[in-house]
Amino acid sequence: MTNEIRAIFNRIAPVYDQLNDWLSLGQHRIWKEMAVKWSNAQPGDTCLDLCCGSGDLALRLARRVGLTGQVYGVDFSPNLLETAKERSRWQYPQRAITWVEADVLNLPFGDNQFDAATMGYGLRNVKDIPRSLKELHRVLKPGAKAAILDFHRPSNQQFRDFQQWYLDNFVVPLATNLGVKEEYAYISPSLDRFPIGREQVELARQAGFTSVTHYPIANGMMGVLVVSKF
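Structural notes, computed from the coordinates. Fair warning: this is a prediction, and the values are worked out from it, not measured in the lab.

**Some thoughts on the overall build of the protein chain**
Part 1 of the reasoning: The helix and strand tally for the protein chain stands at 10 helices and seven strands.
Part 2 of the reasoning: Expressed as a percentage of contacts within the protein chain between residues at least 6 apart in sequence, the contacts between residues at least 24 apart total 74%.
Part 3 of the reasoning: Working note: accessible area of the protein chain is about 10,300 Å², and carbon and sulfur atoms make up 50% of it.

**So, the layout of surface pockets**
Part 1 of the reasoning: If you add up the space inside the largest pocket, you get close to 320 Å³.
Part 2 of the reasoning: Looking at the largest pocket, it is lined by 18 residues, and the ones nearest its centre are Arg153, Pro154, Ser155, Ile196 and Gly197.

**Details of the pairing of strand E2 (residues 70-75)**
Both faces of the sheet carry side chains from a regular strand, because those side chains alternate between them.
Part 1 of the reasoning: The buried fraction of E2 amounts to five of the six residues, a majority that puts the element mostly inside the structure.
Part 2 of the reasoning: With five bridges joining them, strand E1 (residues 46-50) and E2 adopt parallel strand pairing. Within E2, the position partnered with Cys47 by the bridge is Val71.
Part 3 of the reasoning: As defined by bridge partners, E2 adjoins strand E3 (residues 97-101) across five bridges and the pair is classed as parallel. When the bridges of E3 are listed, Val74 appears paired with Val100.

**Digging into the pairing of E1**
Part 1 of the reasoning: Counting buried positions over the five residues of E1 gives four, a clear majority of the element.
Part 2 of the reasoning: Each parallel crossover has a hand, and the one from E1 via helix H4 (residues 56-65) to E2 is right-handed.

**Notes on the environment of Thr46**
Part 1 of the reasoning: Checked against the element boundaries, Thr46 lands in strand E1.
Part 2 of the reasoning: Residue classification places Thr46 among the partly exposed residues on the basis of a relative accessible area of 21%.
Part 3 of the reasoning: Considered as a pair, Thr46 and Gly69 are 23 residues apart in the sequence and their alpha carbons are 5.6 Å apart.

**With respect to the pattern of salt bridges**
Part 1 of the reasoning: Here the structure, examined in full by the defined rule, presents 11 salt bridges.
Part 2 of the reasoning: A salt bridge links Arg60 to Glu33; the shortest N-O distance between them is 2.7 Å. Note that Arg60 is positioned in helix H4 and Glu33 in helix H3 (residues 28-39), a separation of 27 residues in sequence.
Part 3 of the reasoning: When its relative accessible area of 33% is taken as the criterion, Glu33 is described as partly exposed.
Part 4 of the reasoning: The closest approach of N and O atoms between Arg138 and Asp111, which form a salt bridge, is 2.8 Å. Taken together, the residues Arg138 in helix H6 (residues 129-139) and Asp111 in the loop between E3 and strand E4 (114-120) connect sequence positions 27 residues apart.

About the thresholds
- Residues numbered from 1 in each chain as written.
- Predicted model: local features only at pLDDT ≥ 70, side-chain atom pairs only at ≥ 80, totals over all residues.
- Heavy atoms only, no water.
- Helix = DSSP H or I, 4+ residues; strand = E, 2+ residues; numbered from the N terminus.
- Contact = heavy atoms within 4.5 Å.
- Areas by Shrake-Rupley, 256 points an atom, 1.4 Å probe, with all protein chains shown as cover.
- 1 Å grid on protein atoms, 1.4 Å probe; cavity = no way out; pocket = protein on both sides within 12 Å on 5 of 7 lines; lining within 4 Å.
- Points joined across faces, edges and corners; volume = space filled by probe spheres on them.
- Buried < 20%, exposed > 50% of the residue type's maximum accessible area, 1.4 Å probe, protein only.
- Pairing = 2+ DSSP bridges.
- Right-handed = clockwise from strand over helix to strand, strands pointing away.
- Salt bridge = Lys/Arg side-chain N within 4 Å of Asp/Glu carboxyl O.

Shown next as structure tokens:
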């Protein structure tokens, strides 16, 4: 499954940001800023952005930690990482961002290394959510926070119906026009498999996080899982 998902993200890399705009009703930038704020990243911190994609959250973290901080953006898609590198070169050439091709289930970092972390639209696509949360717990310093942003299936049936209608009638046609219809067919089943908020809270606690809160956003169609390591 990992190789299949990696191949999907490699193929959609050129249109990834455009599709995120459509998929989120144009709101994903606001939600990403919320995630960065909830991560509690501070000037001078060393931060981690998992499943960094084209670099949006990593760049936002870099702005927050400033020139004395350090950000590591991790993704398993070399094509998306190349997009992220290009964006960082012309947007923030002075910022210290290190782009790393790696699997979030086996991070190439030592224990207790990061002051804060984010993950955007990644947890839903990992093949082993408990293991990825344990890896995140391992690399965070004591006292560090992480904010994990992702799409969800709403509990309210009307909002579930709207979400599915929107996927079928806007996102899939757009993906079709951009030549990536098959690649975006995975979204609906991935939402069906993804643990709901209270299940995510329990998984995070099992991974070792002692302070865990899940914040539903956009009528439950989005959510941010905020975890703290003590």
